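Remarks on the overall topology
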Amino acid sequence: MSGLLAGKRLLVTGVITDASIAFSVAKLAQENGAQVVLTGYGRLSLVERIAKRLPEPAPVIEVDVTNTEHLAGLADRVREHVDGLDGVVHSIGFAPQSCLGGGFLDAPWEDVATALHVSTFSYKSLAMAALPLMSPGGAVVGLTFDATKAWPVYDWMGVAKAGLESASRYLALHLGKQGIRSNLVAAGPLRTIAAKSIPGFDQFEDAWAERAPLGWNLTDQEPAARACLALLSDWFPATTGEIVHVDGGYHAIGS
């Protein structure tokens, strides 16, 4: 077996279609020598169907990251397929429609709480559920959208991503003593299912195409996936609490 992730065992969440970043992560990980276990929730049969499009069909386990029973049983479910984990990919985010598209001032707490639970707190929850399977050298990698700015229409999801970025730093602090790294990849806008659910998200597309120094392909998930693989590999052994921007350089350019 050869490749950047030869012998690694990964848990990958967030595969809904083959246009998702998570699918690209799973595909490239397999091509680089990793064993992959996927999670799904709600539309499990859809995830199982998409899993068959990978180079090697991957097992799918049901995990609702807001369900304490699912989280408590995650380690045992994963052990049915692999004997441990070297990496976890968190590609999960959700906000009710009231929290997006310009509704920042009117969104009720109940909806905001849902967005924060699914998109932010779940990063810690998933990591802790997988921790019994992990050993020193392991890595947790999540996906964010640059939360240092307030983006039109992103609203409470932007707040959730800011929380995610902070949570990753705190996870790096508390899991470092166990040799576990926590890092995020901040991808530019991509035409995924998640993006299509945000009213007005296409406002970002023209801006990125015009201003990103390296240009930006709205339909190419591979650059973000490659960054995830690098952070899951042994090539960043002393990097934790970091956010790697994969956005064509847009974040570095003034407005």
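All figures in this text were calculated on a predicted structure; none of them were measured in a lab. As a convention, each chain's residues are numbered from 1 in the sequence order in which they are written. This being a predicted model, a pLDDT of at least 70 is required before a residue's local features are given, and a value of 80 or more before pairs of side-chain atoms are given or counted; all residues contribute to the totals for chains, interfaces and linings. Each side-chain value is derived from all of the structure's non-hydrogen atoms; neither hydrogens nor water enter the calculation.

Let's talk about the overall build of the chain
Short version of the rule: Helix and strand assignments come from DSSP, with helices taken as H or I runs of at least 4 residues and strands as E runs of at least 2, each series counted from the N terminus. Note on method: radius of gyration uses C-alpha positions; expected globular size equals 2.2 Å times residues raised to 0.38. For every residue, the accessible area (1.4 Å probe, protein chains only) is compared with the maximum for its type, and the residue is labelled buried under 20%, exposed over 50%, or partly exposed between those bounds. Contacts are assigned to residue pairs that have any heavy atoms within 4.5 Å of one another. Surface exposure here means Shrake-Rupley accessible area, sampled with a 1.4 Å probe, where a residue is shielded only by the protein chains that are shown. In this tally, Asp and Glu contribute negative charge and Lys and Arg positive charge; neither His nor the terminal groups of the chain are included. Positions of charges follow a simple convention, taking NZ of Lys, CZ of Arg, CG of Asp or CD of Glu.
From N to C terminus, the chain includes 8 helices and 7 strands. Computed over the C-alpha atoms, the radius of gyration of the chain is 17 Å, within 12% of the 18 Å expected from 2.2 N^0.38 for a compact globule of 255 residues. Based on the C-alpha atoms only, the size of the chain along its principal axes is roughly 45 × 40 × 40 Å. Looking at the chain as a whole, 52% of its 255 residues are labelled buried. Expressed as a percentage of contacts within the chain between residues at least 6 apart in sequence, the contacts between residues at least 24 apart total 76%. When the accessible surface of the chain is summed, it comes to about 11,600 Å², and 54% of that surface belongs to carbon and sulfur atoms. Each charge class in the chain was averaged separately, 19 positive and 26 negative side chains, and the resulting centres sit 4 Å apart.

Looking at the pairing of strand E1 (residues 9-12)
Remark: a regular strand shows side chains that alternate across the two faces of the sheet. Threshold: Only strands joined by at least two bridges in the DSSP assignment are considered to pair. Look down the strands so they point away from you; if the path from the first strand over the helix to the second goes clockwise, the crossover is right-handed.
Because side chains alternate across E1, one face comprises the buried residues Arg9 and Leu11, and the other comprises Leu10 and Val12, equally buried. The pairing of E1 with strand E2 (residues 35-40) spans 4 bridges and is classified as parallel. Bridging across to E2, Leu11 finds its partner in Val37. Once the chain exits E1 it traverses helix H1 (residues 21-31) before rejoining the sheet at E2, and the crossover so formed is right-handed. With 3 bridges joining them, E1 and strand E4 (residues 85-90) adopt parallel strand pairing. From the neighbouring strand, Leu11 faces E4, where its bridge partner is Val88.

Remarks on the sheet that holds strand E3 (residues 60-62)
The following threshold applies: Lines fitted to the C-alpha atoms define the axes, with helices restricted to the stretch that makes contact. Angles between their N-to-C directions range from 0 to 180 degrees.
One open sheet holds the 7 strands; their spatial order is E3-E2-E1-E4-E5-E6-E7, and the pairing between them is parallel. Each of the sheet's edge strands pairs with one partner strand only, and the pair in question is E3 and strand E7 (243-246). The sheet shows a mean angle of 20° between the axes of neighbouring strands, taken without regard to direction. Its contacts with the sheet put helix H8 (residues 222-232) on E1, E4, strand E5 (134-144), strand E6 (181-187) and E7, and the angle it makes with E6 is roughly 170°.

Points about the packing of helix H3 (residues 68-79) against helix H4 (residues 109-130)
This is how the line gets drawn: Whether a crossing is left-handed or right-handed is set by the direction in which the near helix is turned from the far one by less than a right angle, anticlockwise for left-handed and clockwise for right-handed.
Here H3 crosses H4 at 40°, and the two axes come no closer than 8 Å. Between H3 and H4 the crossing geometry is right-handed. Contact residues: Leu71, Leu74 and Ala75 in H3; Ser125, Leu126, Ala129 and Ala130 in H4.

Here we look at the UniProt feature "binding site: substrate" (unreviewed entry) in the chain
The cut-off we apply is this: UniProt positions are given in the numbering used here, feature names are shortened, and annotations may be inferred rather than shown by experiment.
The sites that carry the UniProt feature "binding site: substrate" (unreviewed entry) are, in the present numbering, Ala95. Inspection of the secondary structure assignment puts Ala95 in the loop between E4 and H4. Setting aside anything within four residues of it in sequence, one finds Ala95 in contact with Leu100, Ala115 and Met157.

Describing the UniProt feature "binding site: NAD(+)" (unreviewed entry) in the chain
Under the UniProt annotation, the feature "binding site: NAD(+)" (unreviewed entry) is placed at Gly14, Ser20, Ile21, Asp64, Val65, Ile92 and Lys161. With respect to the helices and strands, the residue Gly14 is situated in the loop between E1 and H1. Checked against the element boundaries, Ser20 lands in the loop between E1 and H1. Residue classification places Ser20 among the buried positions, given a relative accessible area of 9%.

Brief notes about helix H2 (residues 44-51)
Basically, it comes down to this: Regarding the arc, it is the one traced by the directions from the helix axis to the C-beta atoms.
Residues of H2 that are buried: Leu46, Val47, Ile50 and Ala51. Seen end-on, H2 carries its buried residues on one side only, within an arc spanning 140°. On its buried side, H2 packs onto H1, E2 and E3.

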